[in-house]
Amino acid sequence: MRVELSGTEVHTIECSGVVPCAAARSRVPASLALREQDGGAPVGLLVFAMRGLGATLPLRIGPRFDYGEVLWRIGVVWRGEPAWFAVACDLDRASIRTMGKWMVRYPTRRAAIDVRAAGASVRAAAGTLEVAAVATAITPDAAVPLPLLVGTDGALFRIPWREDPAPHRREAAITVRDAGLVDATLGAAVRWDPTGLVHAGRIHRCGIATRI
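Just so it is clear, the model here is predicted, and its values are computed rather than measured. (Residues numbered from 1 in each chain as written. Predicted model: local features only at pLDDT ≥ 70, side-chain atom pairs only at ≥ 80, totals over all residues. Heavy atoms only, no water.)

Asker: How would you explain helix α2 (residues 94–104) if you had to name every residue and give the values?
Answerer: Within the sequence span of α2, burial applies to Ile96, Arg97, Gly100, Met103 and Val104. Along the axis of α2, the buried positions cluster into a sector of 160°, meaning they face one direction only. Every exposed residue of α2 that faces more than 90 degrees away from the buried side is listed here: Thr98, Lys101 and Trp102. (Buried < 20%, exposed > 50% of the residue type's maximum accessible area, 1.4 Å probe, protein only. Helix = DSSP H or I, 4+ residues; strand = E, 2+ residues; numbered from the N terminus. Arc of directions from axis to C-beta.)

Asker: Requested: an account of the side chain of threonine 12, with residues and values cited.
Answerer: If you trace the backbone, threonine 12 turns up in strand β1 (residues 4–19). Engagement of the side chain of threonine 12 in a polar contact is seen with the side chain of glutamate 9, the distance being 2.6 Å. Setting aside its immediate chain neighbours within four residues, threonine 12 contacts Leu46, Val47, Phe48, Leu197, Val198, His199 and Arg202. (Polar contact = N/O pair within 3.5 Å; in protein donor to acceptor, adjacent residues only side chain to side chain. Contact = heavy atoms within 4.5 Å.)

Asker: So what's going on with unusual backbone geometry? Which residues, and what values?
Answerer: Keep in mind that most residues, glycine aside, have a negative phi and that most peptide bonds are trans. Of note, aspartate 38 is a non-glycine position whose phi angle comes to about 50°, a positive value. By secondary structure assignment, the location of aspartate 38 is in the loop between β2 (33–34) and β3 (41–56). Its identity as a non-glycine residue notwithstanding, arginine 105 has a phi of 65°, on the positive side. Here arginine 105 lies in the loop between α2 and β6 (108–116).

Asker: Tell me about the environment of valine 176, residues and numbers included.
Answerer: Here valine 176 is to be found in strand β12 (residues 168–179). Sequence separation of valine 176 and tryptophan 192 is 16 residues, and the distance between their C-alpha atoms is 7.2 Å. When near neighbours in sequence (up to four residues on either side) are disregarded, valine 176 contacts Cys15, Leu129, Glu130, Val131 and Trp192.

Asker: Explain the packing of aromatic side chains to me, using residue names and the numbers behind them.
Answerer: The geometry of an aromatic ring pair is captured by the separation of the ring centres together with the interplanar angle, meaning the angle of the planes. Counting across every chain of the model gives zero aromatic pairs. Just above the ring of tryptophan 84 sits the side chain of arginine 35; from NZ or CZ to the centre is 4.7 Å. Directly above the ring of tryptophan 84 sits arginine 73, whose terminal nitrogen or CZ lies 4.8 Å from the centroid. (Phe/Tyr/Trp six-rings, centres within 6.5 Å; stacked < 30°, edge-to-face > 60°. Lys NZ or Arg CZ within 6 Å of the ring centre and 35° of its normal.)

Asker: Can you lay out the pattern of salt bridges for me, pointing to particular residues and giving the numbers?
Answerer: Summed over all chains, the structure comprises nine salt bridges. Note that glutamate 4 and arginine 162 form a salt bridge whose closest N and O atoms lie 2.7 Å from each other. With glutamate 4 in strand β1 and arginine 162 in strand β11 (residues 161–164), this pair connects stretches of sequence that are 158 residues apart. Exposure remark for arginine 162: the relative accessible area of 41% places this residue in the partly exposed category. Close ionic contact of arginine 109 with aspartate 90 constitutes a salt bridge, the shortest N to O distance being 2.6 Å. (Salt bridge = Lys/Arg side-chain N within 4 Å of Asp/Glu carboxyl O.)

Asker: Please set out the pairing of β1 residue by residue, giving values where relevant.
Answerer: In terms of burial, β1 is largely enclosed, as 12 of its 16 residues are buried. In this structure, β1 lies alongside strand β15 (residues 202–207), joined through six bridges in antiparallel fashion. In the strand pairing of β15, threonine 8 is matched with isoleucine 203. As paired strands, β1 and β3 are joined by 14 bridges and run antiparallel to one another. Across the sheet, the residue bridging to serine 6 is glycine 54, located in β3. Of the strand pairs in this sheet, β1 and strand β14 (residues 195–200) are connected by three bridges, and their pairing is antiparallel. Counted as the bridge partner of threonine 12 is histidine 199 from β14. Where β1 lies against strand β13 (residues 191–192), two bridges are found, and the strand directions are antiparallel. Directly across from valine 18, in β13, lies its bridge partner arginine 191. (Pairing = 2+ DSSP bridges.)

Asker: Quick one: what's the story with the nonpolar core, residue by residue and with numbers?
Answerer: Grouped together as the largest cluster of nonpolar side chains are 43 residues, with contacts concentrated most on Val19, Trp72, Leu129 and Leu186. Of all hydrophobic cores here, the second largest spans 25 residues; its members include Leu71, Ile96, Cys206 and Ala209. (Core = buried A, V, L, I, M, F, W, Y, C linked by side-chain atoms within 4.5 Å.)

Dropping the structure here:
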């Protein structure tokens, strides 16, 4: 029986941008081709405050957890289709870092994370990051998540990932201020898009990564 982890993203900020291909290549397994966009490789930054994450089998079982997460992704091509490769996952709770590394096979890092409707701050050993988000009145269509891949010990895994569209989602003006964390994570500065997304109340679903 498949175990699913689910919880509610109280506040979520999605940022996108482009990083030089040489830097992206150094972070992605050679077996995966990079997607190309505007002279580089696309980057996705997902920052959220999670409430009540726990296991479903199919009934809800066990404890529930609240925590902050920052997921760093680079755009790749997998089986001829667009996908994401997870480069790093910053988490502010030790038990979730352990579970993320074991079940989801994320390359986890310790960080202090504060996520609000209007922005987020991330403080880690490698540097800091500040994101400001000013929501507009535009409600975008809900997008279908791309496949999410991760690599560990030379093997490639796919993370089961679904999202129930948030009851509140808006386009937003995004400003990213980096003090070392982006370069340490992605190997170069990112040209961030000035427009991103904010969500409130999105249901997050993931599970045990499977080898591909």
